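Geometric and topological summary
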Amino acid sequence: MLKKFFFIFVTVWLITRAFPVWAQYFDYHREESPSVSWNNIPMFDARMLAAGGISLMASEAFSAAINPAIIPETKEILAGASFQVATHQAFQYWGLNQGVYYANDPQSQNNNRLSGFTLAFPFKGFSFSGGWVTVNLLELPTLDFSDGGWSLKATFPGVENAIFAAAACKWGKSVSVGIKLDYIFANRKVDIRETWPSFDPTTYTHRESHRMTCIIPSLGARIRISPRWTIGTVLIYPLRGKAHRTLDHIFESPSTHLEISNLKSTDNFYRPARIYLGAAFTPFVHADTDAPGKNKLTLAAEILYTAWSGYRYVFYSETLPRHMRNTLTAALGLEYGILSDQGDYFLRLGCRLDPHPVIEPKTTLRELTGGIGFRLGRVSADIGALYCFGSPGGIKQEHFVLNSTLQFHW
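Residues numbered from 1 in each chain as written. Predicted model: local features only at pLDDT ≥ 70, side-chain atom pairs only at ≥ 80, totals over all residues. Heavy atoms only, no water.

Turning to the overall build of the chain, a few remarks are in order. Secondary structure assignment for the chain yields three helices and 20 strands. Counting every position in the chain, which comprises 410 residues, the buried fraction comes to 53%. By sequence separation, contacts in the chain at least 24 residues apart represent 67% of the contacts at least 6 residues apart. (Helix = DSSP H or I, 4+ residues; strand = E, 2+ residues; numbered from the N terminus. Buried < 20%, exposed > 50% of the residue type's maximum accessible area, 1.4 Å probe, protein only. Contact = heavy atoms within 4.5 Å.)

Listed below in structure tokens is the structure:
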């Protein structure tokens, strides 16, 4: 009888995952969503992060990570590395949403990690760049609830990385064009353990493993309209990828051990197409603007259009309803540089308005950014921070990201 009950329970659980759950409407997170934003906040580069996440404001080392056309024109080899610290919140969990029933506030999670390493170099009139960056954190906060001996513990680790290679060349005096190829590889895991001690004791364990891969080509351009104005744009069109999934269900009691393990599936993995359009303006331009003793101000703005309406999420050959909307993210940023013989010093500020594709609850994240940097000879160091807040479903959530980037010329 117990075996029959367990079989029915697991079957119903798998079927109901294919339908939207009312409890999901408390949060914009879904099973496949990033920890912070669906719209790819560039957390891997301190300069870009501090200046509103605008691609034209990327540091030289990470310039090609979004727009391949802005690889620096240099005769030297350039290397960069970055480290990221993040604190993020969520109220929605992997098919459980236990926060709605057992907690009054979203749960938090800390994540510290290396977030990128890049190289850039010139060769026969072309500029090349390549490396690795952390595109998104996929981790949701750990759950740890107990009540009268019953306990529920769950972890949701995950990260999305990209290895990229890019090349750029000049087309005339004012236009640069570039191409880039990203290989996305992401991992998510779920480990849920529920215990009922009153049943001497009885434990249910649910585990999932998801490995996603995808190829993403990009085409970018940068146009110097005048000494003061620069425009940049990039089109990103992901190819269809694959998601390799594994499920395990284990039921244990003093008298029974039931296990359904290694349930595998290979599903199509979809990513939305994106297009960036940005502009940078340097109002006080002179022939010796970058000379020691001069100050330099750069203002920038960018919009990001993401075609979420055609997005699909496939789980064990079932397309789960997502009902996404297309989004238009807007960002503003500035950088003020003090240039001197002893070194160059920079202050950066920015903001982003980040509407999310999830229709219910309708959510717009507001993001404030800032940071500092210095350049001394062949070494540059930057620190950038992002504070992100929103109230999906009337529940306030906050996220904080700090990134440090170091780059060398030789």
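When the pLDDT values of the chain are averaged, the result is 88; 89% of them are 70 or greater. Put simply, helix 1 (residues 2–16) is where the chain has its lowest mean pLDDT, 46, and strand 12 (residues 274–281) is where it has its highest, 98. Overall, residues 1–9 carries pLDDT values under 50, and its contacts beyond four positions in sequence, including any with other chains, amount to 10 contacts. Within the model, the stretch residues 11–23 combines pLDDT values under 50 with 19 contacts to residues more than four positions away or in other chains. (pLDDT = per-residue confidence, 0-100.)

This brings us to the pairing of strand 10 (residues 241–252). Strand residues, when the strand is regular, have side chains that alternate between the two faces of the sheet. Of all the 12 residues making up strand 10, nine are buried; the element is thus mostly covered by neighbouring parts of the structure. Note: strand 10 against strand 11 (residues 257–269), 11 bridges, orientation antiparallel. By the bridge assignment for strand 11, K242 is matched with N268. Counted between consecutive antiparallel strands, the loop separating strand 10 from strand 11 contains four residues. (Pairing = 2+ DSSP bridges.)

We now examine the environment of G125. Residue position: G125 is located in the loop between strand 2 (107–123) and strand 3 (126–137). C-alpha of G125 to C-alpha of C169: the two residues are 44 residues apart in sequence and 6.9 Å apart in space.

Below, the discussion takes up the packing of aromatic side chains. Geometrically, a pair of aromatic rings is defined through the distance of the ring centres and the angle of the planes. Taken as a whole and assessed by the stated rule, the structure comprises 10 aromatic pairs. An angle of 80° between the planes, with centres 6.4 Å apart, marks the rings of W38 and Y311 as edge-to-face. In this pair, W38 sits in the loop between helix 1 and helix 2 (46–50) while Y311 sits in the loop between strand 13 (295–306) and strand 14 (313–315), placing the two residues 273 residues apart along the sequence. Neither W38 nor Y311 differs from the other in exposure class; each is buried. Seen in terms of ring centroids, F315 and Y316 are 5.1 Å apart; in terms of plane orientation they differ by 55°. Their pairing is tilted. One aromatic cluster is present, built from ring pairs that chain together W38, W308 and Y311. (Phe/Tyr/Trp six-rings, centres within 6.5 Å; stacked < 30°, edge-to-face > 60°.)

Time to look at the nonpolar core. Ranked by size, the top nonpolar core spans 29 residues in total, and within it F44, I66, I71, V133, I184 and Y276 carry the most contacts. Elements with a minimum of two residues in this core: strand 3, strand 6 (158–171), strand 7 (175–196), strand 8 (202–224) and strand 9 (229–236). Ranked by the residues each element gives to this core, the list is headed by strand 6, at four residues. If sequence neighbours within four positions are ignored, I66 has contacts with P42, F44, M48, S55, K180, V234 and Y276. Listed in part, the 23 residues of the second largest apolar core include V36, L137, V358 and C388. (Core = buried A, V, L, I, M, F, W, Y, C linked by side-chain atoms within 4.5 Å.)

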